[in-house]
Amino acid sequence: MQVPGSTLLSPEHREFRVICRKFVDERVRPFVSEAEESRTFPPHLWRQLADAGLLGLGFPEGLGGSGGDVRSVAILSEELARASGGIAITPLVSSYMAAPHLVRFGTPAQQERYLRPVLAGEQVAAIAVSEPGAGSDVAGIALRAHADGDGYRLKGTKLFITNGGIADVVIVAAKTGDGDGHRSITTFIVEQGQAGFTVGRPLQKMGWHASDTRELIFDDCYVPGERVLGERGRGFYQIMTAFQAERVVLAAMAVGLADASLEAATIYARERTAFGRPISTLQAVRHAVARMKTQTEAARLLTYHAAALIDAGEDASEEVAMAKLFAAQAANEVVDQAVQVFGGAGYLEEVPVAMHYRDARALRIAGGTDEIQLEILSKRIGL
Ligand SMILES: Cc1cc2nc3c(=O)[nH]c(=O)nc-3n(C[C@H](O)[C@H](O)[C@H](O)COP(=O)(O)OP(=O)(O)OC[C@H]3O[C@@H](n4cnc5c(N)ncnc54)[C@H](O)[C@@H]3O)c2cc1C
């Protein structure tokens with residue numbers, strides 16, 4: 001197998017990619033069409049992902065982790081997304097966007113009760129920050145947590161929550177004070193099915209069809225004090241810290257979607273004939289594919305670079321923002337061009353490039369929009 005971005009990866013990373021690709025080809029790909037049609041993540045995959053050690057990458061072994069680092073998670077993300085963005089995002093949110101909050105800020109008792117089953121594929125996790133009135137503006141959330149005896153009562157609504165309907169454990173950001181949101185947000189662990197917590201119907205999305213996305217409603221939902229996650233009033237900073245690796249995972253998904261579309265367009269261009277010759281001999285098509293390759297590889301290098309910096313324990317805020325911004329935009333251009341190379345066949349819903357086209361769009365929004373990445377960068381540049 002060709003090894004892209006090799007200068008930023010160790011031999012172990014390259015071996016790990018081979019393992020991931022085999023897993024995805026054998027265990028995931030056969031279920032993609034069914035998952036897209038039924039708009040459901042194949043539930044049997046949880047156990048298989050866990051058994052292969054793919055839900056615990058980068059977590060301490062003592063907590064049920066399976067070794068690896070952020071680059072390993074990026075490789076997994078890329079390989080899963082090559083098959084399906086909707087399938088990919090489901091375990092990626094559970095293990096690599098929600099669970100890290102439990103690792104970083106959870107007490108040993110919380111980790112034992114909530115983290116271990118998630119890494120073992122027995123339970124699913126979600127992270128609920130966005131609301132109908134606040135997405136980019138995390139500090140502007142309105143969901144309140146009022147102190148009540150030893151615990152809190154949550155009141156308000158979350159929106160666009162990935163895994164919302166299938167999660168056993170939801171990490172919920174709520175305001176615990178009246179002041180500036182930066183200093184008055186606290187995160188809580190909420191269990192599915194508890195009183196005062198209801199899940200809305202699945203949101204019908206443009207893409208990520210196999211992913212479950214919901215509105216979550218909290219109506220005086222009582223959460224005992226031992227389920228406060230981290231420090232009271234520090235939730236905003238906890239969320240911002242977790243965004244670093246989360247955005248690398250999303251950038252890597254973009255690389256995977258782009259790479260799969262590039263590969264499909266290359267094969268199609270060789271096979272498809274027009275005016276008596278393969279379209280791959282037409283310069284317009286050849287150059288389009290060559291540009292797709294360049295965009296994909298540039299996105300990959302930025303993504304691995306950001307991941308490698310996090311792995312080295314360095315501040316990667318700028319690199320993460322650039323990777324998320326560039327990879328998401330590059331993926332959207334690459335999938336669009338892939339559909340163009342396919343012509344009419346690219347417009348059929350069941351064709352993989354059409355699915356990648358649908359799936360790529362979310363990556364410019366979820367986990368921080370393009371504009372938010374540009375804002376982060378502008379500030380870092382000193383503007
Ligand atoms: C498929 C999907 C899955 C998601 N999963 C989750 C999840 O699991 N958990 C979760 O909490 N959230 C989730 N989200 C929500 C996602 O994080 C938000 O949609 C995103 O952060 C944008 O927020 P918004 O939709 O409220 O848009 P807004 O914040 O209202 O933004 C609207 C527009 O204004 C622009 N804008 C806003 N502020 C600025 C600014 N300061 N400078 C320049 N432009 C700005 C934005 O870039 C955007 O173009 C998901 C979203 C999608 C689409």
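The structure displayed is predicted, hence computed values, not measured ones. (Residues numbered from 1 in each chain as written. Predicted model: local features only at pLDDT ≥ 70, side-chain atom pairs only at ≥ 80, totals over all residues.)

### Comments concerning unusual backbone geometry
Link 1 in the chain: In this structure, R39 is a non-glycine residue whose phi angle is positive, near 55 degrees.
Link 2 in the chain: Along the chain, the position of R39 falls in the loop between α2 (32-38) and α3 (45-51).
Link 3 in the chain: You can call R39 partly exposed: it has 15 C-beta atoms within 10 Å. (Helix = DSSP H or I, 4+ residues; strand = E, 2+ residues; numbered from the N terminus. Buried ≥ 20, exposed ≤ 12 C-beta atoms within 10 Å, placed from the backbone.)

### A few points about helix α4 (residues 70-83)
At 3.6 residues per turn, the α-helix brings residues three or four places apart onto the same side.
Link 1 in the chain: With 14 residues, α4 extends 20 Å between its outermost C-alpha atoms, agreeing within 8% with the 20 Å of an ideal straight helix rising 1.5 Å per residue.
Link 2 in the chain: Burial runs high along α4: 14 of the 14 residues are buried. (Expected span 1.5 Å × (residues − 1).)

### Some remarks on the site of the ligand
Link 1 in the chain: As a structural note, the neighbourhood of the ligand is formed by 23 residues, with S130, G135, S136, T369 and E371 the closest of them.
Link 2 in the chain: When residues of the shell around the ligand are traced back to their parent elements, those giving at least two are β1 (125-128), β3 (151-162) and α11 (370-381).
Link 3 in the chain: Class assignment for the residues of the shell around the ligand results in eleven nonpolar, eight polar and four charged. (Near = placed C-beta within 6 Å. Nonpolar A, V, L, I, M, F, W, Y, C, P; charged D, E, K, R; others polar.)

### Details of the domain arrangement of the chain
Link 1 in the chain: According to the domain assignment, the chain consists of domain 1 (6-123), domain 2 (126-233) and domain 3 (237-381).
Link 2 in the chain: Summarising the inter-unit geometry, the C-alpha centres of domain 1 and domain 3 are found 20 Å apart.
Link 3 in the chain: Across the boundary between the two partners, domain 1 contributes 26 residues, which contact 24 residues of domain 3.
Link 4 in the chain: Going through the elements one at a time, α2, α4 and α5 (85-105) are the ones with two or more residues in the side of domain 1 that touches domain 3. (Domains from an automatic or database assignment. Contact = placed C-beta atoms within 7 Å.)

### Some details on the pairing of β3
In regular strands, side chains alternate between the two faces of the sheet.
Link 1 in the chain: Relative to β3, strand β2 (residues 144-148) runs antiparallel, the two sharing five bridges. Across the sheet, residue R144 finds its bridge partner in β3, namely K155.
Link 2 in the chain: Connecting β2 to the next strand, β3, in antiparallel fashion are two residues, including G149 with a positive phi near 60 degrees.
Link 3 in the chain: With nine bridges joining them, β3 and strand β7 (residues 213-223) adopt antiparallel strand pairing. Along β7, the bridge assignment pairs R153 with Y222. (Pairing = 2+ DSSP bridges.)

### Some words on the nonpolar core
A general tendency of soluble globular proteins is for nonpolar side chains to be buried together.
Link 1 in the chain: Counting residues in each nonpolar core, the largest one holds 132 residues, and the members touching the most others are F188, V248, V249, A254, A327 and A331.
Link 2 in the chain: The greatest single-element share of this core, amounting to 20 residues, is contributed by helix α7 (residues 235-271).
Link 3 in the chain: Once residues within four sequence positions are removed from consideration, A254 is found in contact with A299, A327, A328, A330, A331, A360 and L363. (Core = buried A, V, L, I, M, F, W, Y, C linked by C-beta atoms within 7 Å.)

### Here's the deal with the pairing of strand β4 (residues 169-175)
Link 1 in the chain: When you tally the buried positions in β4, you get seven out of seven residues, the bulk of the element.
Link 2 in the chain: The side-chain alternation of β4 yields two buried faces, one formed by V169, I171, A173 and K175 and the other by V170, V172 and A174.
Link 3 in the chain: Across seven bridges, β4 lies against strand β5 (residues 185-191) in antiparallel orientation. Within the sheet, the bridge partner assigned to V170 lies in β5 and is V190.

### Here's the deal with the environment of G165
Link 1 in the chain: Considering the arrangement of structural elements, one finds G165 in the loop between β3 and β4.
Link 2 in the chain: Between the C-alpha atoms of G165 and S211, which are 46 residues apart in sequence, the distance is 9.9 Å.
Link 3 in the chain: Residue contacts for G165: discarding those within four places in its chain leaves V199, P202, D212 and R214.

### A closer look at the packing of α7 against helix α10 (residues 352-362)
Link 1 in the chain: Axis separation between α7 and α10 bottoms out at 10 Å; the angle between their running directions is 155 degrees. Classified by the interaxial angle, the pair formed by α7 and α10 is roughly antiparallel. Along this stretch, α7 crosses α10, giving a crossing that reads as left-handed. Of α10, the residues touching α7 (which contributes A254, L257, A260, S261, A264 and A265) are P352, V353, H356, D359 and A360.
Link 2 in the chain: Partitioning the contact of α7 with α10 into residue classes produces eight nonpolar, two polar and one charged. (Axes fitted to C-alpha atoms, helices over the stretch in contact; angles between N-to-C directions. Parallel < 35°, antiparallel > 145°, perpendicular 65-115°, else oblique. Left-handed = near helix turned anticlockwise from the far one by under 90°.)

### Concerning α10
Link 1 in the chain: Burial within α10 is extensive, with ten of its eleven residues counted as buried.
Link 2 in the chain: Residues P352, V353, A354, M355, H356, Y357, R358, D359, A360 and A362 constitute the buried set of α10.
Link 3 in the chain: Next to the buried residues of α10 lie α2, α5, α7 and α9 (317-342).

### Regarding the packing of helix α8 (residues 283-311) against α9
Link 1 in the chain: Between α8 and α9, the shortest axis-to-axis distance is 9 Å and the interhelical angle comes to 155 degrees. One element, α8, and the other, α9, form an angle in the roughly antiparallel class. In this structure, the crossing between α8 and α9 has a hand that is left-handed.
Link 2 in the chain: Tallied by class, residues from the contact of α8 with α9 come to 19 nonpolar, five polar and two charged.

### Re the environment of V124
Link 1 in the chain: Tracing the sequence through the fold places V124 in the loop between α6 (108-119) and β1.
Link 2 in the chain: Given 25 C-beta atoms within a 10 Å radius, V124 is considered buried.
Link 3 in the chain: As for V124 and G140, which are separated by 16 residues in sequence, their C-alpha atoms are 27 Å apart.
Link 4 in the chain: In this view, V124 contacts S94, V118, N163, I166, A167 and D168; residues no more than four positions away in its chain are not counted.

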